[in-house]
Amino acid sequence: MSHKIAVLPGDGIGHEITEQAVRVLSALGLDLTLEQAPVGGAAYEIHGHPLPPSTLELARSSSAILFGAVGDWKYDTLARELRPEQAILGLRKALGLFANLRPAILYPQLANASSLKPEIVSGLNILIVRELTGDIYFGQPRGVRTLEDGPFKGERQGYDTMHYAESEVRRIAHVAFQAAAKRNKRLCSVDKANVLETSQFWRDIMIDVAREYPDVELSHMYVDNAAMQLVREPKAFDVIVTGNLFGDILSDEAAMLTGSIGMLPSASLNASNQGLYEPSHGSAPDIAGKNIANPLATILSAAMLLRYSLNESTQADRIEQAVQRVLEQGLRTADIYEEGTTRVTTSQMGDAVLNALK
Ligand code: IPM
Ligand code: MG
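Remember, predicted model here, so these are calculated numbers, not experimental data.

**Considerations on the site of ligand 1**
By nearness alone, every residue bordering ligand 1 is listed as Glu85, Arg92, Arg102, Arg130, Tyr137 and Asp248. Tyrosine 137 is positioned with one of its side-chain polar atoms (N or O) 2.5 Å from an oxygen atom of ligand 1. Its atoms largely coinciding with the cavity grid, ligand 1 occupies the largest pocket. Taken together, the residues of the shell around ligand 1 sort by class into one nonpolar, no polar and five charged.

Dropping the structure here:
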């Protein structure tokens, strides 16, 4: 069966990194149709919108989306709805991509890349399951209003709304419990239930769903403590499940524990396993076009794409093993380079992965 894959390179280093992932996907001998479209600032330049209807339509009609990165400082002054970030938020919402899987894995060959002591991080392998289409990110009402009474009467006030519907919490809970069941069977739900009603509700639902997964051990942690424990003893975690805002923050922290955000893929899935796959890092406009960015996070995102949306886990394994092999060969892009290894460019890293696939 032929699968259509939308390739949305976006801005900054997005083009050069997705190019390498596309080469890898095309080398597997699968029946794939890869179709490219602009997104983010690149789409704004052409169509006047970061997520034009033609790009959204391509995404909707594809089995999966390979996404590069969006954003550039030069768009910071645009109205919010025209900024590149709206493309990714719009795709998440339009396609219902509620389940964001962000693994943080420290490759043994890269143990020195972390700013933490090797004994704290070596062998780290945690998975953050972040709810992606609810919470304060999308809650209504939001905006700026003028207060009509109270201590700040007459002043303008900025406001957003945090809320979670029961079904939104239940479905992400199931994704997280199922992921934990396939790993070390420990799930930590992160919230702020000591302060927020939304969080207490989230916690109650997690406890309820846990009854369906007697093999998985559920624990709870306040988000401030979780931020601390992640740097104190990160290996104590297996799977973390949390809401959109806390997950945004904690997943950046977890990625940095490995010292090599250029290595980390992510998947955003909807109820029918249609997914958007992107590196955990951003568009890095400062190094765009220099052929020095690390394409491995995007190549590993392509592996996740094969595993989750195309049910091709053998091919996904092949890619992941090829990446292991190039690391063992000592090949490093600038972000993970250390003395005694071989510095390579973006495209040379792509070449090496292609060779290792054979
Ligand atoms: C992420 C990013 C996005 C988010 C931005 C670009 C809107 O930080 O994917 O984590 O906040 O979700
Ligand atoms: Mg983020």
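**Description of the sheet that holds strand E10 (residues 239-242)**
Read from one edge of the open sheet, ten strands run E2-E1-E3-E12-E11-E4-E5-E10-E8-E9, paired in mixed fashion. The open sheet terminates on both sides in strands that have one partner only, identified here as strand E2 (32-36) and strand E9 (217-222). Across the sheet, the mean angle from the axis of one strand to that of its neighbour is 20°, orientation sign disregarded. The pairing of strand E4 (residues 99-105) with strand E11 (residues 265-269) spans three bridges and is classified as antiparallel. Note that in E11 the partner of leucine 101 across the bridge is alanine 267. With respect to the sheet, helix H8 (residues 223-232) is in contact with strand E5 (125-131), strand E8 (186-191), E9 and E10, its orientation differing from that of E9 by roughly 105°.

**Digging into the pairing of E11**
Of all five residues making up E11, five are buried, and the element is well covered by its neighbours. Burial along E11 is two-sided: Pro265, Ala267 and Leu269 and Ser266 and Ser268, pointing in opposite directions, are all buried. As paired strands, E11 and strand E12 (residues 275-279) are joined by five bridges and run antiparallel to one another. Directly across from serine 268, in E12, lies its bridge partner leucine 276. Taking the residues between adjacent antiparallel strands as the criterion, E11 and E12 are bridged by five residues, where asparagine 273 takes a positive phi near 65°.

**Things to note about the domain arrangement of the chain**
Think of interface size as the accessible area that goes away when the parts come together; that is how it is often given. As assigned here, the chain comprises domain 1 (1-97 + 270-358) and domain 2 (99-260). Relative placement of domain 1 and domain 2: their C-alpha centres are 24 Å apart. Contact with domain 1, which involves 15 residues of that partner, is made by 15 residues of domain 2. Buried surface at the junction of domain 1 and domain 2, summed over both partners, amounts to about 1500 Å²; 60% is from carbon and sulfur atoms. Contact with domain 2 buries surface across domain 1, with Arg92, Lys93 and Leu97 losing the most and accounting together for 29% of the total. Applying the counting criterion to the domain 1 and domain 2 interface returns zero salt bridges. Our count for the contact surface shared by domain 1 and domain 2 stands at two residue pairs in polar contact (both at pLDDT 80 or more).

**A closer look at the layout of surface pockets**
One simple way to see leftover space: roll a probe sized like a water molecule over the atoms. In this structure, the largest pocket occupies an estimated 1000 Å³ of space. As for the largest pocket, its lining consists of 38 residues, and the residues nearest its centre are Glu85, Ile88, Leu89, Arg92 and Tyr137. With seven residues, the single largest contributor to the lining of the largest pocket is helix H4 (residues 85-95). In terms of residue class, the lining of the largest pocket is built from 13 nonpolar, twelve polar and 13 charged. Two domains each provide a minimum of three residues to the lining of the largest pocket, namely domain 1 (1-97 + 270-358) and domain 2 (99-260). Roughly 840 Å³ of volume is contained in the second largest pocket. Leu101, Leu127, Met304, Arg307 and Tyr308 are, among the 27 residues lining the second largest pocket, the residues nearest its centre. When contributions to the lining of the second largest pocket are tallied by element, the ones reaching two or more residues are E4, E5, helix H6 (166-181), E11, helix H10 (296-308) and helix H11 (313-328). Residues lining the lining of the second largest pocket come from more than one domain, with at least three contributed by each of domain 1 (1-97 + 270-358) and domain 2 (99-260).

About the thresholds
- Residues numbered from 1 in each chain as written.
- Chains lettered and ligands numbered in written order.
- Predicted model: local features only at pLDDT ≥ 70, side-chain atom pairs only at ≥ 80, totals over all residues.
- Heavy atoms only, no water.
- Near = heavy atom within 4 Å.
- Polar contact = N/O pair within 3.5 Å; in protein donor to acceptor, adjacent residues only side chain to side chain.
- 1 Å grid on protein atoms, 1.4 Å probe; cavity = no way out; pocket = protein on both sides within 12 Å on 5 of 7 lines; lining within 4 Å.
- Sits in = over half its atoms within 2 Å of the grid points.
- Nonpolar A, V, L, I, M, F, W, Y, C, P; charged D, E, K, R; others polar.
- Pairing = 2+ DSSP bridges.
- Helix = DSSP H or I, 4+ residues; strand = E, 2+ residues; numbered from the N terminus.
- Axes fitted to C-alpha atoms, helices over the stretch in contact; angles between N-to-C directions.
- Contact = heavy atoms within 4.5 Å.
- Buried < 20%, exposed > 50% of the residue type's maximum accessible area, 1.4 Å probe, protein only.
- Domains from an automatic or database assignment.
- Buried area = accessible area lost by both parts, 1.4 Å probe.
- Salt bridge = Lys/Arg side-chain N within 4 Å of Asp/Glu carboxyl O.
- Points joined across faces, edges and corners; volume = space filled by probe spheres on them.

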